[in-house]
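Each chain is listed here by its residues.
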Amino acid sequence: QQSIWKLVQIQTEQANGYATPKPFQSDDIKAQLTEKVSVKDVQSTLELFERMGLIVAVSYEGIPYFRLPEERDWVAGEQV
């Protein structure tokens, strides 16, 4: 989980001095891991991170992704 979390944290794009979260899938994270881990284990870990509020699930053109939360994901201290 720790190595997956480290990879999740760097899923950003730098623009105009700001880090913007970029969407990713479990396959993207698995491809960057040095340990031998199944895609299913990566997916389960990402789902755990989502339930913990560390990442959010998003969909682009009907395809599911995850990404780090952005400020606009929170309204009056509650997750949208």
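Located above this text is the structure these notes cover.
Right, let's walk through the structure included here. Quantities reported herein were computed from a predicted structural model and do not represent experimental measurements. (Residues numbered from 1 in each chain as written. Predicted model: local features only at pLDDT ≥ 70, side-chain atom pairs only at ≥ 80, totals over all residues. Heavy atoms only, no water.)

1. Quick notes on the nonpolar core
Just so we agree on the cut-off: Remark: nonpolar core denotes a set of buried residues (Ala, Val, Leu, Ile, Met, Phe, Trp, Tyr, Cys) joined through side-chain atoms within 4.5 Å. Only protein chains enter the accessibility calculation, which uses a 1.4 Å probe. A residue is then buried if its area is under 20% of the maximum for its type, exposed if over 50%, and partly exposed in between. By the criteria applied, helices consist of DSSP H or I runs no shorter than four residues and strands consist of E runs no shorter than two, each listed in order from the N terminus. By definition in these notes, contact holds between two residues if any of their heavy atoms fall within 4.5 Å.
Membership of the largest hydrophobic core is limited to twelve residues, which are Ile4, Leu7, Val8, Phe24, Ile29, Leu33, Val42, Leu46, Phe49, Ile55, Phe66 and Leu68. Secondary-structure elements contributing two or more residues to this core are α1 (2–9) and α3 (39–51). With sequence-adjacent residues up to four places away left out, isoleucine 29 is seen in contact with Ile4, Leu7, Val8, Gln11, Phe24 and Val42.

2. Notes on the packing of aromatic side chains
For any two aromatic rings, the description comes down to two numbers: the centre-to-centre distance and the angle of the planes. For the record, the criterion: Ring geometry is summarised as follows: Phe, Tyr and Trp rings, the Trp one being its six-membered ring, pair when their centres sit within 6.5 Å, and such pairs are stacked at plane angles under 30 degrees, edge-to-face over 60 and tilted between the two.
Within the structure shown, the criterion is met by three aromatic pairs. Relative to phenylalanine 49, the ring of tryptophan 5 has its centre 5.3 Å away and its plane inclined at 70°; by these criteria the two rings are edge-to-face. One end of the pair, tryptophan 5, is in helix α1; the other, phenylalanine 49, is in helix α3, and 44 residues separate them in sequence. Here tryptophan 5 falls in the partly exposed class, since its relative accessible area comes to 23%. Measuring from centroid to centroid gives 6.3 Å for phenylalanine 24 and phenylalanine 66, while their planes differ by 35°, and the two rings are tilted. With phenylalanine 24 in the loop between β2 (18–21) and α2 (26–32) and phenylalanine 66 in strand β4 (residues 63–67), this pair connects stretches of sequence that are 42 residues apart.

3. Here's the deal with α3
Counted only if it meets this: To estimate the expected span of a helix, count its residues, drop one, and scale the result by 1.5 Å. In this description, one arc is meant: the one made by directions from the helix axis to the C-beta atoms.
For α3, built from 13 residues, the straight-helix expectation of 18 Å at 1.5 Å per residue is met to within 8% by its first-to-last C-alpha distance of 18 Å. All buried positions along α3 are accounted for by Val42, Thr45, Leu46 and Phe49. Angular distribution of buried residues about the axis of α3 spans 100°; they occupy a single face of the element. Facing away from the buried side of α3 by over 90 degrees, the exposed positions are Lys40 and Arg51.

4. What to know about the pairing of β4
Rule in force here: A pair of strands counts as paired when DSSP detects no fewer than two bridges linking them.
Sheet analysis places strand β3 (residues 56–60) next to β4, joined by five bridges and oriented antiparallel. The residue of β4 that forms the bridge with alanine 57 is phenylalanine 66. A loop of two residues connects β3 with β4, the two strands running antiparallel in sequence, and glutamate 61 in this loop sits at a positive phi of about 55°.

5. Digging into the environment of tyrosine 65
By the element assignment, tyrosine 65 lies in strand β4. Those residues in contact with tyrosine 65 that lie beyond four places of it in its chain are Pro23, Phe24, Gln25, Val56, Ala57, Val58 and Tyr60.

6. Description of the packing of α1 against α3
Note the cut-off: Every axis in this analysis is a line fitted to C-alpha atoms, fitted for helices over the stretch in contact. Angles between the N-to-C directions lie between 0 and 180 degrees. Note on angle classes: values under 35 degrees are labelled roughly parallel, values over 145 roughly antiparallel, values of 65 to 115 roughly perpendicular, and the remainder oblique. Put simply, a crossing is left-handed when the front helix is turned counterclockwise from the back one by less than a right angle, and right-handed when it is turned clockwise. Only Asp, Glu, Lys and Arg are considered charged in this grouping, and only Ala, Val, Leu, Ile, Met, Phe, Trp, Tyr, Cys and Pro are considered nonpolar; every other residue, Gly among them, is considered polar.
Interaxial distance between α1 and α3 falls to 10 Å at its minimum, and their mutual angle equals 65°. Between α1 and α3, the crossing angle belongs to the class labelled roughly perpendicular. Judged by the twist between their axes, the crossing of α1 over α3 is right-handed. Across from Ile4, Trp5 and Val8 in α1, the residues of α3 making contact are Val42, Thr45, Leu46 and Phe49. Of the residues assigned to the contact of α1 with α3, the class counts are six nonpolar, one polar and no charged.

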